[in-house]
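# Descriptive analysis of the structure
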Amino acid sequence: MSKKNVQQPNQKGEDFSLKKFSSSKSPLERVVAFFENSAWAIPLTLIISVVPLIVFMQIVKLSPEVSPHWTTDTNYDFFSYHKVIWLSVLTFIAIITLAFKSVAQYDQEKPLKVKEMSFVYYMGFAYIFFALLSTIYSPMRQVALWGFADRYEGFIVLTIYMFIFMMAYAFSDNEDALRFILMGLFISAPILTTLGLF
């Protein structure tokens, strides 16, 4: 009786360790699995790690709504214009990637694992809705839609921010994707810190 009680937990422990060992994947298999399940994380990683590093001058002709509140009718933008363009492009790619992946896995009867609809999503869409109302009824609609000089954070960009947030939240249980995103952040953060010192 006592002998069985001693051997039984050891046997379970051995089975568990063998199962865990047999389920381990090679680095190549993990890369393939990542691209199959978490390709959407690549654009988000680029948004976090590469977009903040973009610095390129763009001569912007200001609209009649903006120029009276600026020093001249032309703005020499170094930091915001091209960041917003790449932010929009990468967000669009992430959404399209998720859409195609969702359709492909739905056909295979393997739906994507996402967090269920919750208070967070409702608040996100409510934010977009009220931002849209604010844009529609704004006396300066062009500024409300596209943002001000050097701060292109109008309705379009605010909506992009919210979509990025909801995508990241929906798949926050995906450990491989989170690891990839954090890796990009840890690579770019020291570079941004160094540039900030100078």
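Residues numbered from 1 in each chain as written. Predicted model: local features only at pLDDT ≥ 70, side-chain atom pairs only at ≥ 80, totals over all residues. Heavy atoms only, no water.

## Regarding the overall build of the protein chain
If you tally the helices and strands in the protein chain, you get eight helices and two strands. If you list the helices and strands of the protein chain from N to C, you get α-α-α-β-β-α-α-α-α-α. In the protein chain, which comprises 198 residues, the share counted as buried stands at 28%. When contacts within the protein chain are restricted to residue pairs at least 6 apart in sequence, those whose partners lie at least 24 apart make up 69%. (Helix = DSSP H or I, 4+ residues; strand = E, 2+ residues; numbered from the N terminus. Buried < 20%, exposed > 50% of the residue type's maximum accessible area, 1.4 Å probe, protein only. Contact = heavy atoms within 4.5 Å.)

## Concerning the packing of helix α5 (residues 119–136) against helix α7 (residues 155–170)
Between α5 and α7, the shortest axis-to-axis distance is 10 Å and the interhelical angle comes to 175°. Comparing the axis directions of α5 and α7 gives the class roughly antiparallel. Here Val120, Tyr121, Gly124, Phe125, Tyr127, Ile128, Ala131, Leu132 and Thr135 of α5 lie close against α7, whose contacting residues are Phe155, Leu158, Thr159, Met162, Phe165, Met166, Tyr169 and Ala170. Considering only residue class, the contact of α5 with α7 consists of 14 nonpolar, three polar and no charged. (Axes fitted to C-alpha atoms, helices over the stretch in contact; angles between N-to-C directions. Parallel < 35°, antiparallel > 145°, perpendicular 65-115°, else oblique. Nonpolar A, V, L, I, M, F, W, Y, C, P; charged D, E, K, R; others polar.)

## Details of the packing of aromatic side chains
This model, assessed by the stated rule, comprises six aromatic pairs. A ring pair is formed by Trp70 and Phe148, whose centres lie 5.8 Å apart and whose planes are at 65°; its orientation type is edge-to-face. Residue Trp70 is found in the loop between β1 (58–61) and β2 (74–77), and its partner Phe148 is found in the loop between α6 (141–146) and α7; the two are separated by 78 residues along the sequence. For Trp70, a relative accessible area of 26% gives the class partly exposed. Ring geometry for Phe165 against Tyr169: centres 6.4 Å apart, planes inclined by 25°, an arrangement best described as stacked. Remark: Tyr169 and Phe165 occur in helix α7; sequence separation between them is four residues, near one turn of the helix. The exposure class of Phe165 is partly exposed, given its relative accessible area of 42%. Connected via pairs of aromatic rings, a cluster forms that spans Tyr121, Phe165 and Tyr169. (Phe/Tyr/Trp six-rings, centres within 6.5 Å; stacked < 30°, edge-to-face > 60°.)

## As for the packing of helix α3 (residues 41–49) against helix α8 (residues 175–197)
A packed helix pair is summarised by two numbers, namely the angle formed by the two axes and the spacing between the axes. Between α3 and α8, whose axes approach to 8 Å, the crossing angle comes to 20°. When the interaxial angle is binned, α3 and α8 end up roughly parallel. Where α3 crosses over α8, the two elements pack in a sense that is right-handed. Residue-level contacts link Ala41, Ile42, Leu44, Thr45, Ile48 and Ser49 of α3 to Ala177, Phe180, Ile181, Gly184, Leu185 and Ser188 of α8. (Left-handed = near helix turned anticlockwise from the far one by under 90°.)

## Quick look at the nonpolar core
Core analysis: the largest hydrophobic core is formed by 30 residues, its most contacted members being Trp40, Leu44, Ile47, Leu87 and Ile164. Looking at this core, the elements that each hand over two or more residues are α3, α4 (81–107), α5, α7 and α8. Here this core takes eight residues from α7, the largest share from any one element. In contact with Leu44, not counting residues within four places along its chain, are Ile164, Met167, Ala168 and Ile181. (Core = buried A, V, L, I, M, F, W, Y, C linked by side-chain atoms within 4.5 Å.)

## Some details on α5
For α5, spanning 18 residues, the distance from its first C-alpha to its last is 26 Å, which sits close to the expected 26 Å at 1.5 Å a residue. For α5, every residue scored as buried is listed here: Tyr121, Gly124, Ile128, Ala131 and Thr135. End-on view of α5: buried residues confined to an arc of 90°, all on one side of the axis. Structural note: α5 exposes Phe119 and Phe130 on the side pointing more than 90 degrees away from its buried face. (Expected span 1.5 Å × (residues − 1). Arc of directions from axis to C-beta.)

## Focus on the pattern of salt bridges
Should the charged atoms of two oppositely charged side chains come close, the side chains can pair. Tallying each qualifying case throughout the model produces two salt bridges. A salt bridge links Lys61 to Asp73; the shortest N-O distance between them is 3.0 Å. One end of the pair, Lys61, is in strand β1; the other, Asp73, is in the loop between β1 and β2, with twelve residues separating them in the sequence. Among the ionic pairs, Glu153 bridges to Arg151, the shortest N-O distance being 2.8 Å. (Salt bridge = Lys/Arg side-chain N within 4 Å of Asp/Glu carboxyl O.)

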